[in-house]
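# An overview of the molecular structure
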Amino acid sequence: MNLTSRQYLTTPIYYASGSPHLGHAYTTFVADCYKRYYQACGYEVLLTSGTDEHGQKIERTSAKNNESTESFIQKRSDEFSRLWIDLGIELDAFQRTSSPEHKSLVVEFWKRLQQKGDIYKGHYEGLYCVECEQYFTEGDQCPVHRKPLEHYSEESYFFRLSAYQQKLIDHIEKHPDFIVPSTRRNEVLSFLKSSGLHDLSISRTSTRWGIQVPDDSRHVIYVWIDALAAYLSALGPLDGKEIEEYWPNTTHFIGKDILIFHAVYWPALLWSAGLDLPRQLVVNGWLTVEGRKISKSDPETIIDPVSLTEITGCDGLKYYFLKAVKLGQDLDFRKDHLIELLNADLANNFGNLFSRFIKLFIKHFPDGIDLDTQILSTANQHILTAVSAKRAAFIRALEKYELSIAARIFIDTAALLNASFQQREPWKIANREELAEYLWTVHQCLETLTLLGYCFIPGIIENARGGLNLGNPPVFKEPLGDVNGSAAKKSGVKVRGIESLFPRL
Ligand code: MSP
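What comes next concerns the included structure. The structure displayed is predicted, hence computed values, not measured ones.

## Comments concerning the environment of W247
- When you line up the elements, W247 lands in the loop between α9 (241-246) and β12 (250-255).
- On the basis of relative accessibility, which here comes to 1%, the residue W247 falls in the buried class.
- Excluding residues that lie within four positions of it along the chain, W247 makes contacts with Y8, Y231, L232, L235, E242, H252, W266, L270, D276, L277 and P278.
- Only 2.8 Å separates the side chain of W247 from the backbone oxygen of D276, close enough to count as a polar contact.

The following block contains the structure:
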């Protein structure tokens, strides 16, 4: 990755047509993990989310609920913003598409497309899925929602998407990391190469619930254009400083069902508006229950993430999804697997390591260890080198969005230290200097371990670092390979008694 000092990370803006569920939380967990990673690396990071509040789907759902659309979306939007607080996710902005600043940006965005000569008026006739807010050219049933498509025939403004086909192919081919994982990139490329792109219908007369097309009050702007532009409006006005500074370093975290909107429509729209493209699209798969996508249109699949955190804690839940899913693939959710994995990794392995280390340390060195020697024994150097190699591998995995591998490296590092304890049996070391040097070495390794764990389990890591008498949050100061056995850098270490880091579930 080629990064400057700023990072802009986005989650999709979630439809305010229903209450949040576990599927929504998943994409946001991934984005939160990267926010913490970049912060620990010293970047200035903004993470935004929000709610998508216009369009026919919202209008219909609120009517079905016998509620005014305004009060309906207010409640749903509040549920989403509350959810992120309850899940321990720190957003820097939460954009609602009904907000005045968003509406004026969308109008400005539309005018730019118009000035470029990319908008014309025509007529659309086709099959529409209101749930997806999308026309389909094939079949009579929506492939995502498995509901019959509705026949629409309406006057519409069009965007000259077809003019951008080759430019899109060139961009994706020249930037292999633009869409990750590569399976999704290949999917977009074959979509672009297999058929001629049609121009995109970008206004609707079938709903009033949206942002009016400038100078044509019969039309509202297509909800997907409105929604995508929220990534910009969350930063501020189009000609503002934040867009200039952050926009070129944008990573959109999205689910696979909204890939074409982000990988085809969005880049073309941005080019037309004279803006840069985001640096990257990171595409996750779906969470399913007994093979069915968790979705509000299938109420039996709905799982409330907050009720799960009552068992696992916020960190536990986040850790589970980041570790259990290979990014891009689907995961069939099973509570017994969740509990099994958390007990094995966080309670038995990571948590146990800290409690036995801290107990032993306090017992023998309640005032801390001040190491005299500058040179460590070969055995201790070996541990440091092994942990250092883990750190390097961890960073490589994270940079490639191999989150489950990164989490495995984190927990393998804890296992490695537990194994070292088993092998060295420090409670049997009679020589005080030797014991001090070993515990000092493990302390260094645990500091590294907290760095690796931070983006997955930040709250637990804060406590763990408290136990190691280290500051929070952690910082990746130097490349990890630097832990090379020199005791000169930091000779004094101390620990403090802490509660169990992750009690067995
Ligand atoms: N409002 C649009 C996004 C506009 S972004 C400019 C939308 N909203 S959504 O609420 O339907 O979905 C938002 C995100 O949640 C998508 O990335 C979608 O993939 C994700 N998920 C919704 N259900 C999901 C699962 N069951 N599993 C994983 N992610 C899922 O689309």
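Read on for the rest.
## Concerning the sheet that holds strand β10 (residues 212-213)
- Judged by pairing direction, the sheet is antiparallel, and its three strands sit side by side in the order β9-β11-β10 without closing on themselves. Two strands bound the open sheet, and with one partner strand each, they are β9 (203-204) and β10.
- As defined by bridge partners, β10 adjoins strand β11 (residues 216-221) across two bridges and the pair is classed as antiparallel. Across the sheet, the residue bridging to V213 is D216, located in β11.

## Observations regarding the site of the ligand
- Around the ligand, 22 residues are found, and the nearest of them are D52, G255, D257, L287 and I294.
- Between the ligand and the protein, one listed contact pairs a nitrogen atom with a backbone N or O atom of G23 at 3.2 Å.
- Within the side chain of H24, an N or O atom sits 3.5 Å from an oxygen atom of the ligand.
- Here the ligand has 660 Å² of accessible area as a free molecule, and 96% of this is covered by the chains.
- For the shell around the ligand, the elements supplying multiple residues, two or more each, are β1 (6-15), α1 (22-40), α7 (223-228) and β12.
- Counting residues per element, the shell around the ligand draws most heavily on β1, at four residues.

## Examining the pattern of salt bridges
- Tallying each qualifying case throughout the model produces 28 salt bridges.
- In this structure, K57 and E131 form a salt bridge, with 3.4 Å as the shortest nitrogen-oxygen distance. With K57 in helix α2 (residues 56-64) and E131 in the loop between β4 (119-129) and β5 (134-136), this residue pair connects regions lying 74 residues apart in the sequence.
- With a relative accessible area of 4%, K57 lands in the buried category.
- By relative accessible area, which is 22% here, E131 ends up partly exposed.
- Where E425 meets K428, a salt bridge forms, and the shortest distance between an N and an O atom there is 3.2 Å.
- For K428, a relative accessible area of 57% puts it in the exposed group.
- Taken together, the shared-partner salt bridges in this structure form one network comprising K121, E155, D216 and R218.

## Overview of the packing of aromatic side chains
- On inspection of all chains with the given rule, the structure shows 39 aromatic pairs.
- Between Y34 and Y401, the aromatic rings sit 4.8 Å apart at their centres with planes inclined by 45°, giving tilted as the arrangement. In this pair, Y34 sits in helix α1 while Y401 sits in the loop between α13 (378-399) and α14 (403-424), placing the two residues 367 residues apart along the sequence. Of the two residues, Y34 and Y401, neither departs from the other in class, the shared state being buried.
- Taken together, a centroid distance of 5.9 Å and an interplanar angle of 25° make the contact between Y124 and F158 stacked. Residue Y124 is located in strand β4, and its partner F158 is located in strand β6 (residues 150-159); the two are separated by 34 residues in the primary sequence. As far as burial versus exposure is concerned, Y124 and F158 are alike and both buried.
- Joined through ring pairs, the aromatic side chains of Y34, Y37, Y38, Y43, F253, Y401 and F476 make up one cluster.
- Its guanidinium or amino end placed over the ring of W286, K256 lies 4.5 Å from that ring's centre, counting from NZ or CZ.
- Over the face of the ring belonging to W286 we find K293, whose NZ or CZ atom lies 4.8 Å from the ring centre.

Here is what the cut-offs are and how they apply
Residues numbered from 1 in each chain as written. Predicted model: local features only at pLDDT ≥ 70, side-chain atom pairs only at ≥ 80, totals over all residues. Heavy atoms only, no water. Helix = DSSP H or I, 4+ residues; strand = E, 2+ residues; numbered from the N terminus. Buried < 20%, exposed > 50% of the residue type's maximum accessible area, 1.4 Å probe, protein only. Contact = heavy atoms within 4.5 Å. Polar contact = N/O pair within 3.5 Å; in protein donor to acceptor, adjacent residues only side chain to side chain. Pairing = 2+ DSSP bridges. Near = heavy atom within 4 Å. Areas by Shrake-Rupley, 256 points an atom, 1.4 Å probe, with all protein chains shown as cover. Salt bridge = Lys/Arg side-chain N within 4 Å of Asp/Glu carboxyl O. Phe/Tyr/Trp six-rings, centres within 6.5 Å; stacked < 30°, edge-to-face > 60°. Lys NZ or Arg CZ within 6 Å of the ring centre and 35° of its normal.

Taken by themselves, the reported measurements are silent on function.
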